[in-house]
Amino acid sequence: MNLRFRLLMTSLFSLSASYCVIPFLASTAKAQPVQGIYVSGAGGVSFNQDQVVRLNKFMPGGRDKYTPGATAVTSLGYGLGNGFRVEIEGNYRNNPLRYQNLGSYKAWGQGRQQTYGFMANALFDMDVGSPYIFPYFGAGIGYGWSSMNGVRLRTTDNRLTEHLGGTFGNFSYQAIGGLSFPTPWVVGLSFTTEYRFWTMLGPQSHTADVWGTQGGYNTTHAYSQARGNRDTTTYFNHSILLGLRYEFNPAPPPTQPVEAAPTVPSSRKSRTYLVFFAWDSYALNNHAISIVKEAAQAYNSVRSTRIEADGYTDTSAAPNEQGKRYNVALSLKRARAIKAELIKNGVPASNIDIHGYGSENPLVPTGSNIREAQNRRVEIIIR
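My aim in this report is to walk through the structure given alongside it, one point at a time. (Residues numbered from 1 in each chain as written. Predicted model: local features only at pLDDT ≥ 70, side-chain atom pairs only at ≥ 80, totals over all residues. Heavy atoms only, no water.)

1. Quick look at the packing of aromatic side chains
Inference 1: Per the counting criterion, the structure on display carries 10 aromatic pairs.
Inference 2: Judged by centre distance (5.4 Å) and plane angle (80°), the rings of Tyr-143 and Phe-171 are edge-to-face. Taken together, the residues span a long stretch of sequence, with Tyr-143 in strand 8 (residues 134-147) and Phe-171 in strand 11 (residues 167-182) at a distance of 28 residues.
Inference 3: Overall, the relative accessible area of 31% leaves Tyr-143 in the partly exposed class.
Inference 4: Over the face of the ring belonging to Trp-279 we find Arg-371, whose NZ or CZ atom lies 3.5 Å from the ring centre.
Inference 5: The ring of Tyr-312 is capped by Arg-377, whose NZ or CZ atom sits 4.0 Å from the centre of that ring. (Phe/Tyr/Trp six-rings, centres within 6.5 Å; stacked < 30°, edge-to-face > 60°. Helix = DSSP H or I, 4+ residues; strand = E, 2+ residues; numbered from the N terminus. Buried < 20%, exposed > 50% of the residue type's maximum accessible area, 1.4 Å probe, protein only. Lys NZ or Arg CZ within 6 Å of the ring centre and 35° of its normal.)

2. Quick word on the pattern of salt bridges
Inference 1: Counted according to the given criterion, the structure contains 11 salt bridges.
Inference 2: Between Arg-85 and Asp-125 there is a salt bridge, with the nearest N and O atoms lying 2.6 Å from each other. Of this pair, Arg-85 sits in strand 5 (residues 84-101) while Asp-125 is found in strand 7 (residues 112-125), placing the two residues 40 residues apart along the sequence.
Inference 3: By relative accessible area, Arg-85 is classed as buried at 3%.
Inference 4: The exposure class of Asp-125 is buried, given its relative accessible area of 0%.
Inference 5: Measuring nitrogen to oxygen at the nearest pair gives 3.8 Å for the salt bridge that ties Lys-324 to Glu-321. Here Lys-324 pairs with Glu-321, and both are found in helix 3 (residues 321-344), just 3 residues apart, close to one helical turn. (Salt bridge = Lys/Arg side-chain N within 4 Å of Asp/Glu carboxyl O.)

3. Thoughts on the side chain of Thr-232
Inference 1: Checked against the element boundaries, Thr-232 lands in strand 14 (residues 220-232).
Inference 2: Judged by relative accessible area, which is 0%, Thr-232 ranks as buried.
Inference 3: Those residues in contact with Thr-232 that lie beyond four places of it in its chain are Gln-51, Val-52, Val-53, Gly-202, Pro-203 and Gln-204. (Contact = heavy atoms within 4.5 Å.)

4. A look at the environment of Asn-249
Inference 1: Mapped onto the elements, Asn-249 comes out in the loop between strand 15 (236-247) and strand 16 (271-276).
Inference 2: Separated by 211 residues in sequence, Asn-249 and Tyr-38 have C-alpha atoms that sit 8.1 Å apart.
Inference 3: Other than its neighbours up to four places away in sequence, Asn-249 contacts Gln-35, Ile-37 and Arg-325.

5. Remarks on the environment of Gly-144
Inference 1: In this structure, Gly-144 sits in strand 8.
Inference 2: The exposure class assigned to Gly-144 is buried, which follows from its relative accessible area of 0%.
Inference 3: In this structure, the C-alpha to C-alpha distance between Gly-144 and Thr-115, residues 29 residues apart in sequence, is 6.8 Å.
Inference 4: Dropping the residues within four chain positions of it, Gly-144 is found in contact with Tyr-116, Gly-117, Phe-168, Gly-169, Asn-170, Ser-172, Trp-198 and Met-200.

6. As for helix 2 (residues 286-302)
Inference 1: If you check helix 2, its first and last C-alpha atoms are 25 Å apart, about what 17 residues at 1.5 Å a residue would give, namely 24 Å.
Inference 2: Residues Ala-288, Ile-291, Val-292, Ala-295, Ala-296, Ala-298 and Tyr-299 constitute the buried set of helix 2. Around the axis of helix 2, the buried residues are gathered within 160° of arc, so they sit on the same side. Away from the buried face of helix 2 by more than 90 degrees, exposed residues Asn-286, His-287 and Ser-301 are located.
Inference 3: A distance of 3.2 Å separates the backbone nitrogen of His-287 from a side-chain oxygen at the start of helix 2, and that oxygen is part of Asn-285. (Expected span 1.5 Å × (residues − 1). Arc of directions from axis to C-beta. Polar contact = N/O pair within 3.5 Å; in protein donor to acceptor, adjacent residues only side chain to side chain.)

7. Section: the nonpolar core
Inference 1: Core analysis: the largest hydrophobic core is formed by 20 residues, its most contacted members being Tyr-273, Val-275, Ile-307, Ile-338, Leu-342, Val-347 and Ile-380.
Inference 2: The element contributing the most residues to this core is helix 2, with 7 residues.
Inference 3: Leaving out residues up to four positions away in the same chain, Ile-307 has contacts with Tyr-299, Leu-342, Val-347, Asn-351, Ile-352, Asp-353, Ile-380, Ile-381 and Ile-382.
Inference 4: The next biggest cluster of nonpolar side chains, apart from the first, holds 8 residues, and it includes Ala-107, Met-148, Val-151 and Leu-153. (Core = buried A, V, L, I, M, F, W, Y, C linked by side-chain atoms within 4.5 Å.)

8. A word on the sheet that holds strand 17 (residues 307-311)
Inference 1: Judged by pairing direction, the sheet is mixed, and its 4 strands sit side by side in the order 16-19-17-18 without closing on themselves. Strands with a single pairing partner mark the edges of an open sheet, and in this sheet they are strand 16 and strand 18 (352-356). Here the strands of the sheet are splayed against their neighbours by 15° on average, with no regard to which way each runs.
Inference 2: Sheet analysis places strand 17 next to strand 19 (residues 377-382), joined by 5 bridges and oriented antiparallel. In the strand pairing of strand 19, Asp-310 is matched with Glu-379.
Inference 3: Across the sheet, helix 2 lies against strand 16, strand 17 and strand 19, angled at about 165° from strand 16, the strand it touches most.
Inference 4: Set on the sheet, helix 3 makes contact with strand 16, strand 17, strand 18 and strand 19; between it and strand 18 the angle comes to about 160°. (Pairing = 2+ DSSP bridges. Axes fitted to C-alpha atoms, helices over the stretch in contact; angles between N-to-C directions.)

9. With respect to the side chain of Asp-64
Inference 1: Structurally, Asp-64 is set in strand 3 (residues 62-66).
Inference 2: Reaching out from Asp-64, the side chain makes a polar contact with the side chain of Arg-230 at a distance of 2.7 Å.

Right under this line is the structure:
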(Lines give C-alpha, C1' and ligand atoms only; values in the text may rest on other atoms or scores of the structure.)
Protein backbone atom coordinates (compact mmCIF):
# COMPACT_ATOMS: atom_id res chain seq x y z
CA MET A 1 0.00 0.00 0.00
CA ASN A 2 2.88 2.37 0.78
CA LEU A 3 4.48 1.74 -2.61
CA ARG A 4 1.15 2.25 -4.38
CA PHE A 5 0.63 5.53 -2.50
CA ARG A 6 4.13 6.81 -3.32
CA LEU A 7 3.72 6.01 -7.02
CA LEU A 8 0.30 7.68 -7.11
CA MET A 9 1.70 10.82 -5.48
CA THR A 10 4.60 10.78 -7.96
CA SER A 11 2.18 10.68 -10.88
CA LEU A 12 0.10 13.53 -9.51
CA PHE A 13 3.20 15.62 -8.84
CA SER A 14 4.50 14.95 -12.34
CA LEU A 15 1.25 16.06 -13.98
CA SER A 16 0.91 19.09 -11.67
CA ALA A 17 4.47 20.14 -12.44
CA SER A 18 3.75 19.96 -16.16
CA TYR A 19 0.81 22.33 -15.78
CA CYS A 20 3.00 24.73 -13.80
CA VAL A 21 5.96 24.59 -16.19
CA ILE A 22 3.94 24.75 -19.43
CA PRO A 23 2.36 28.18 -18.74
CA PHE A 24 5.77 29.55 -17.68
CA LEU A 25 7.44 28.40 -20.89
CA ALA A 26 4.45 29.56 -22.90
CA SER A 27 5.06 33.08 -21.66
CA THR A 28 8.63 33.00 -22.98
CA ALA A 29 8.06 31.24 -26.33
CA LYS A 30 5.79 31.87 -29.27
CA ALA A 31 3.21 29.21 -30.04
CA GLN A 32 2.61 27.32 -33.26
CA PRO A 33 -1.19 27.67 -33.33
CA VAL A 34 -2.65 24.20 -33.82
CA GLN A 35 -6.36 24.98 -33.75
CA GLY A 36 -9.48 22.88 -33.92
CA ILE A 37 -9.78 19.11 -34.24
CA TYR A 38 -6.83 16.97 -35.26
CA VAL A 39 -5.95 13.27 -35.43
CA SER A 40 -2.56 11.66 -35.08
CA GLY A 41 -0.98 8.24 -35.20
CA ALA A 42 2.52 6.96 -34.52
CA GLY A 43 4.46 3.73 -34.24
CA GLY A 44 7.93 2.83 -33.09
CA VAL A 45 10.24 0.95 -30.77
CA SER A 46 9.39 0.05 -27.17
CA PHE A 47 12.01 -0.49 -24.44
CA ASN A 48 11.13 -1.95 -21.04
CA GLN A 49 13.41 -1.35 -18.08
CA ASP A 50 14.19 -4.41 -15.97
CA GLN A 51 11.13 -5.20 -13.86
CA VAL A 52 11.31 -6.29 -10.22
CA VAL A 53 9.19 -9.41 -9.59
CA ARG A 54 7.93 -10.72 -6.24
CA LEU A 55 6.44 -14.22 -5.87
CA ASN A 56 5.17 -16.29 -2.94
CA LYS A 57 7.36 -18.31 -0.56
CA PHE A 58 7.35 -21.43 -2.74
CA MET A 59 8.55 -19.66 -5.88
CA PRO A 60 11.61 -17.48 -6.49
CA GLY A 61 11.46 -13.81 -7.38
CA GLY A 62 13.92 -11.72 -9.32
CA ARG A 63 14.12 -9.31 -12.24
CA ASP A 64 12.56 -9.65 -15.69
CA LYS A 65 14.74 -8.70 -18.66
CA TYR A 66 12.97 -7.70 -21.91
CA THR A 67 14.12 -7.23 -25.48
CA PRO A 68 12.95 -4.21 -27.56
CA GLY A 69 9.41 -4.47 -28.88
CA ALA A 70 6.81 -2.31 -30.62
CA THR A 71 4.63 0.66 -29.65
CA ALA A 72 1.58 2.10 -31.41
CA VAL A 73 -0.32 5.27 -30.40
CA THR A 74 -3.35 7.02 -31.89
CA SER A 75 -4.93 10.27 -30.67
CA LEU A 76 -7.91 12.55 -31.22
CA GLY A 77 -7.22 16.09 -30.06
CA TYR A 78 -8.22 19.73 -30.09
CA GLY A 79 -5.87 22.69 -30.51
CA LEU A 80 -6.78 25.88 -28.68
CA GLY A 81 -4.98 28.13 -31.19
CA ASN A 82 -2.51 29.53 -28.63
CA GLY A 83 -0.02 26.66 -28.50
CA PHE A 84 -1.94 24.51 -26.04
CA ARG A 85 -3.78 21.38 -27.10
CA VAL A 86 -5.52 18.49 -25.36
CA GLU A 87 -6.10 14.99 -26.63
CA ILE A 88 -7.41 11.52 -25.85
CA GLU A 89 -5.00 8.71 -26.69
CA GLY A 90 -5.18 4.97 -27.14
CA ASN A 91 -1.90 3.04 -26.90
CA TYR A 92 -0.46 -0.45 -27.26
CA ARG A 93 2.97 -1.85 -26.35
CA ASN A 94 4.49 -5.31 -26.47
CA ASN A 95 7.91 -6.52 -25.43
CA PRO A 96 9.27 -10.09 -25.64
CA LEU A 97 10.41 -11.49 -22.30
CA ARG A 98 14.08 -12.51 -22.61
CA TYR A 99 14.73 -14.03 -19.20
CA GLN A 100 14.14 -13.71 -15.47
CA ASN A 101 17.23 -13.33 -13.30
CA LEU A 102 16.67 -15.57 -10.26
CA GLY A 103 19.94 -14.75 -8.53
CA SER A 104 22.10 -17.84 -8.90
CA TYR A 105 20.49 -18.88 -12.20
CA LYS A 106 18.24 -17.63 -15.00
CA ALA A 107 14.88 -18.71 -16.36
CA TRP A 108 14.68 -18.01 -20.08
CA GLY A 109 11.44 -16.57 -21.40
CA GLN A 110 9.02 -17.28 -24.22
CA GLY A 111 6.15 -14.95 -25.12
CA ARG A 112 5.68 -11.25 -24.54
CA GLN A 113 4.27 -8.75 -22.11
CA GLN A 114 1.49 -6.68 -23.71
CA THR A 115 0.13 -3.40 -22.34
CA TYR A 116 -2.65 -1.18 -23.64
CA GLY A 117 -4.66 1.70 -22.30
CA PHE A 118 -6.16 5.17 -22.65
CA MET A 119 -4.63 8.53 -21.70
CA ALA A 120 -5.72 12.17 -21.42
CA ASN A 121 -2.83 14.42 -22.47
CA ALA A 122 -2.08 18.14 -22.26
CA LEU A 123 0.62 19.48 -24.63
CA PHE A 124 2.23 22.73 -25.73
CA ASP A 125 3.71 23.47 -29.19
CA MET A 126 6.56 25.97 -29.50
CA ASP A 127 7.73 28.26 -32.29
CA VAL A 128 11.53 28.43 -32.37
CA GLY A 129 11.67 30.74 -35.40
CA SER A 130 11.66 28.12 -38.15
CA PRO A 131 8.61 27.25 -40.31
CA TYR A 132 9.90 23.70 -40.73
CA ILE A 133 10.26 22.42 -37.17
CA PHE A 134 8.20 22.89 -33.99
CA PRO A 135 9.15 21.26 -30.65
CA TYR A 136 6.38 20.18 -28.28
CA PHE A 137 6.13 18.62 -24.85
CA GLY A 138 3.43 17.49 -22.48
CA ALA A 139 2.16 14.95 -19.94
CA GLY A 140 -0.80 12.64 -19.50
CA ILE A 141 -2.67 10.44 -17.05
CA GLY A 142 -4.92 7.47 -17.72
CA TYR A 143 -5.54 3.79 -17.15
CA GLY A 144 -3.70 0.79 -18.56
CA TRP A 145 -3.73 -3.00 -18.58
CA SER A 146 -0.81 -5.42 -18.55
CA SER A 147 -1.23 -8.92 -19.99
CA MET A 148 1.15 -11.86 -19.46
CA ASN A 149 -1.03 -14.51 -21.13
CA GLY A 150 0.99 -17.25 -22.80
CA VAL A 151 4.33 -16.27 -21.21
CA ARG A 152 6.62 -19.10 -20.09
CA LEU A 153 9.89 -19.27 -18.17
CA ARG A 154 12.25 -22.24 -18.07
CA THR A 155 15.73 -22.72 -16.59
CA THR A 156 18.42 -24.33 -18.74
CA ASP A 157 18.66 -27.32 -16.35
CA ASN A 158 14.85 -27.69 -16.29
CA ARG A 159 14.79 -27.24 -12.50
CA LEU A 160 11.96 -24.79 -12.87
CA THR A 161 9.21 -24.19 -15.41
CA GLU A 162 6.82 -21.26 -14.94
CA HIS A 163 3.64 -20.48 -16.88
CA LEU A 164 2.22 -16.96 -16.50
CA GLY A 165 -1.23 -15.63 -17.24
CA GLY A 166 -3.83 -13.00 -16.50
CA THR A 167 -4.42 -9.30 -17.18
CA PHE A 168 -4.06 -6.59 -14.55
CA GLY A 169 -5.15 -2.94 -14.74
CA ASN A 170 -4.03 0.17 -12.88
CA PHE A 171 -3.56 3.92 -13.23
CA SER A 172 -0.79 5.13 -15.55
CA TYR A 173 0.95 8.36 -16.44
CA GLN A 174 3.46 9.54 -19.05
CA ALA A 175 5.77 12.35 -20.18
CA ILE A 176 6.04 13.36 -23.86
CA GLY A 177 8.63 15.31 -25.84
CA GLY A 178 8.75 15.60 -29.60
CA LEU A 179 9.22 17.52 -32.83
CA SER A 180 6.69 18.20 -35.60
CA PHE A 181 7.63 18.97 -39.20
CA PRO A 182 4.80 20.66 -41.22
CA THR A 183 4.65 19.47 -44.83
CA PRO A 184 4.73 22.26 -47.44
CA TRP A 185 2.54 20.36 -49.94
CA VAL A 186 -0.44 19.44 -47.67
CA VAL A 187 -1.68 22.21 -45.39
CA GLY A 188 -2.43 20.82 -41.92
CA LEU A 189 -0.30 17.66 -42.29
CA SER A 190 2.83 17.25 -40.14
CA PHE A 191 5.38 14.52 -39.61
CA THR A 192 6.19 13.87 -35.95
CA THR A 193 8.97 12.19 -34.01
CA GLU A 194 8.82 11.86 -30.26
CA TYR A 195 9.99 10.19 -27.06
CA ARG A 196 7.54 8.92 -24.43
CA PHE A 197 8.12 7.73 -20.89
CA TRP A 198 5.14 5.62 -19.76
CA THR A 199 4.57 3.79 -16.49
CA MET A 200 1.79 1.94 -14.71
CA LEU A 201 1.32 1.92 -10.94
CA GLY A 202 2.12 -1.38 -9.27
CA PRO A 203 2.21 -3.98 -8.05
CA GLN A 204 0.70 -5.75 -11.06
CA SER A 205 -0.51 -9.22 -10.12
CA HIS A 206 -0.53 -12.15 -12.55
CA THR A 207 -1.02 -15.85 -11.92
CA ALA A 208 1.98 -18.19 -11.98
CA ASP A 209 1.99 -22.00 -12.26
CA VAL A 210 5.41 -23.43 -11.40
CA TRP A 211 6.76 -26.98 -11.79
CA GLY A 212 10.12 -28.35 -10.60
CA THR A 213 12.41 -27.94 -7.62
CA GLN A 214 13.62 -24.75 -5.96
CA GLY A 215 16.24 -24.23 -3.30
CA GLY A 216 19.22 -22.27 -2.03
CA TYR A 217 22.67 -23.27 -0.85
CA ASN A 218 21.53 -25.42 2.06
CA THR A 219 17.95 -26.48 1.32
CA THR A 220 15.93 -27.69 -1.62
CA HIS A 221 12.15 -27.82 -1.86
CA ALA A 222 10.67 -30.40 -4.19
CA TYR A 223 7.19 -30.05 -5.56
CA SER A 224 5.23 -31.11 -8.61
CA GLN A 225 3.25 -27.91 -8.98
CA ALA A 226 2.69 -24.64 -7.14
CA ARG A 227 0.37 -21.80 -7.97
CA GLY A 228 0.40 -18.25 -6.70
CA ASN A 229 0.53 -14.58 -7.59
CA ARG A 230 3.46 -13.09 -9.43
CA ASP A 231 3.65 -9.37 -8.61
CA THR A 232 5.54 -6.97 -10.89
CA THR A 233 6.42 -4.10 -8.57
CA THR A 234 8.03 -1.77 -11.15
CA TYR A 235 7.11 -1.01 -14.75
CA PHE A 236 8.90 1.72 -16.74
CA ASN A 237 8.71 1.92 -20.52
CA HIS A 238 10.55 4.15 -22.99
CA SER A 239 9.32 4.56 -26.58
CA ILE A 240 10.68 6.29 -29.68
CA LEU A 241 7.97 7.01 -32.26
CA LEU A 242 7.51 8.29 -35.81
CA GLY A 243 4.06 9.45 -36.92
CA LEU A 244 1.71 11.79 -38.74
CA ARG A 245 -0.68 14.48 -37.47
CA TYR A 246 -3.46 16.08 -39.50
CA GLU A 247 -5.35 19.25 -38.54
CA PHE A 248 -8.82 19.60 -40.04
CA ASN A 249 -8.90 23.41 -39.63
CA PRO A 250 -5.28 24.59 -39.88
CA ALA A 251 -4.51 28.19 -39.06
CA PRO A 252 -3.62 30.33 -42.11
CA PRO A 253 0.07 31.11 -42.45
CA PRO A 254 0.96 34.46 -40.90
CA THR A 255 1.17 37.34 -43.34
CA GLN A 256 4.79 38.01 -44.10
CA PRO A 257 5.80 41.65 -43.85
CA VAL A 258 6.82 43.13 -47.16
CA GLU A 259 10.31 44.54 -47.08
CA ALA A 260 10.56 48.20 -47.93
CA ALA A 261 11.60 48.72 -51.51
CA PRO A 262 14.95 50.41 -51.99
CA THR A 263 14.97 54.05 -52.98
CA VAL A 264 14.87 54.38 -56.77
CA PRO A 265 15.21 57.34 -59.11
CA SER A 266 12.04 59.25 -60.01
CA SER A 267 11.99 57.54 -63.39
CA ARG A 268 11.70 54.20 -61.61
CA LYS A 269 8.85 54.94 -59.21
CA SER A 270 6.43 52.14 -58.38
CA ARG A 271 3.48 51.69 -60.72
CA THR A 272 0.25 49.91 -59.75
CA TYR A 273 -2.36 48.18 -61.92
CA LEU A 274 -5.70 46.93 -60.60
CA VAL A 275 -7.44 43.76 -61.78
CA PHE A 276 -10.97 43.09 -60.48
CA PHE A 277 -12.72 39.74 -60.11
CA ALA A 278 -16.25 38.38 -59.99
CA TRP A 279 -17.63 37.35 -56.62
CA ASP A 280 -16.09 34.16 -55.21
CA SER A 281 -13.99 33.70 -58.35
CA TYR A 282 -10.36 33.91 -59.41
CA ALA A 283 -10.98 33.56 -63.17
CA LEU A 284 -9.62 36.27 -65.50
CA ASN A 285 -11.96 37.82 -68.06
CA ASN A 286 -10.77 39.49 -71.27
CA HIS A 287 -10.54 42.94 -69.68
CA ALA A 288 -8.42 41.55 -66.83
CA ILE A 289 -6.12 39.79 -69.29
CA SER A 290 -5.57 43.04 -71.19
CA ILE A 291 -4.60 44.85 -67.94
CA VAL A 292 -2.12 42.12 -67.05
CA LYS A 293 -0.64 42.35 -70.55
CA GLU A 294 -0.24 46.12 -70.15
CA ALA A 295 1.49 45.64 -66.77
CA ALA A 296 3.86 43.04 -68.27
CA GLN A 297 4.78 45.40 -71.13
CA ALA A 298 5.47 48.20 -68.65
CA TYR A 299 7.65 45.90 -66.56
CA ASN A 300 9.67 44.73 -69.56
CA SER A 301 10.07 48.25 -70.96
CA VAL A 302 11.61 49.76 -67.82
CA ARG A 303 13.57 46.62 -66.93
CA SER A 304 12.37 46.64 -63.31
CA THR A 305 13.80 44.08 -60.93
CA ARG A 306 10.61 42.99 -59.15
CA ILE A 307 6.87 42.81 -59.76
CA GLU A 308 4.33 42.05 -57.06
CA ALA A 309 0.78 40.64 -57.18
CA ASP A 310 -1.25 41.23 -53.98
CA GLY A 311 -4.62 39.49 -53.79
CA TYR A 312 -7.67 40.70 -51.82
CA THR A 313 -11.34 39.76 -51.25
CA ASP A 314 -14.47 41.52 -50.09
CA THR A 315 -16.06 40.86 -46.68
CA SER A 316 -18.86 38.58 -47.85
CA ALA A 317 -17.45 35.50 -46.10
CA ALA A 318 -18.55 34.77 -42.54
CA PRO A 319 -16.70 37.01 -40.04
CA ASN A 320 -15.10 34.09 -38.17
CA GLU A 321 -11.84 32.17 -38.30
CA GLN A 322 -13.11 29.82 -40.99
CA GLY A 323 -14.21 32.77 -43.12
CA LYS A 324 -10.82 34.46 -42.69
CA ARG A 325 -9.02 31.32 -43.81
CA TYR A 326 -11.27 31.03 -46.83
CA ASN A 327 -10.63 34.67 -47.82
CA VAL A 328 -6.86 34.25 -47.49
CA ALA A 329 -6.96 31.13 -49.70
CA LEU A 330 -9.16 32.83 -52.32
CA SER A 331 -7.01 35.97 -52.45
CA LEU A 332 -3.91 33.81 -52.92
CA LYS A 333 -5.57 31.97 -55.82
CA ARG A 334 -6.27 35.32 -57.47
CA ALA A 335 -2.64 36.36 -57.06
CA ARG A 336 -1.50 33.05 -58.57
CA ALA A 337 -3.79 33.53 -61.56
CA ILE A 338 -2.19 36.94 -62.19
CA LYS A 339 1.28 35.45 -61.85
CA ALA A 340 0.50 32.77 -64.43
CA GLU A 341 -0.74 35.43 -66.89
CA LEU A 342 2.35 37.61 -66.29
CA ILE A 343 4.59 34.62 -67.08
CA LYS A 344 2.69 34.12 -70.35
CA ASN A 345 3.57 37.72 -71.22
CA GLY A 346 7.29 37.29 -70.70
CA VAL A 347 7.82 38.20 -67.03
CA PRO A 348 10.30 35.80 -65.36
CA ALA A 349 8.60 33.71 -62.68
CA SER A 350 11.51 34.22 -60.28
CA ASN A 351 10.90 38.01 -60.32
CA ILE A 352 7.23 37.79 -59.30
CA ASP A 353 6.17 37.96 -55.65
CA ILE A 354 2.61 36.99 -54.70
CA HIS A 355 0.64 37.52 -51.48
CA GLY A 356 -2.86 36.75 -50.28
CA TYR A 357 -4.24 39.24 -47.76
CA GLY A 358 -7.89 38.21 -47.67
CA SER A 359 -10.25 41.07 -46.77
CA GLU A 360 -7.51 43.30 -45.35
CA ASN A 361 -6.84 46.80 -46.73
CA PRO A 362 -10.14 47.29 -48.64
CA LEU A 363 -10.31 49.96 -51.34
CA VAL A 364 -13.84 50.71 -50.17
CA PRO A 365 -14.26 50.26 -46.39
CA THR A 366 -17.36 48.20 -45.62
CA GLY A 367 -18.88 46.21 -42.81
CA SER A 368 -19.16 42.43 -42.68
CA ASN A 369 -21.05 40.39 -45.29
CA ILE A 370 -20.77 43.04 -48.02
CA ARG A 371 -20.09 42.12 -51.65
CA GLU A 372 -18.07 45.14 -52.73
CA ALA A 373 -16.73 44.68 -56.27
CA GLN A 374 -13.79 47.08 -55.88
CA ASN A 375 -12.44 45.05 -52.97
CA ARG A 376 -12.27 41.84 -55.03
CA ARG A 377 -8.98 42.64 -56.70
CA VAL A 378 -5.30 42.04 -57.28
CA GLU A 379 -2.87 44.93 -57.16
CA ILE A 380 0.02 44.51 -59.60
CA ILE A 381 2.90 46.64 -58.33
CA ILE A 382 6.02 47.22 -60.43
CA ARG A 383 9.00 48.19 -58.29
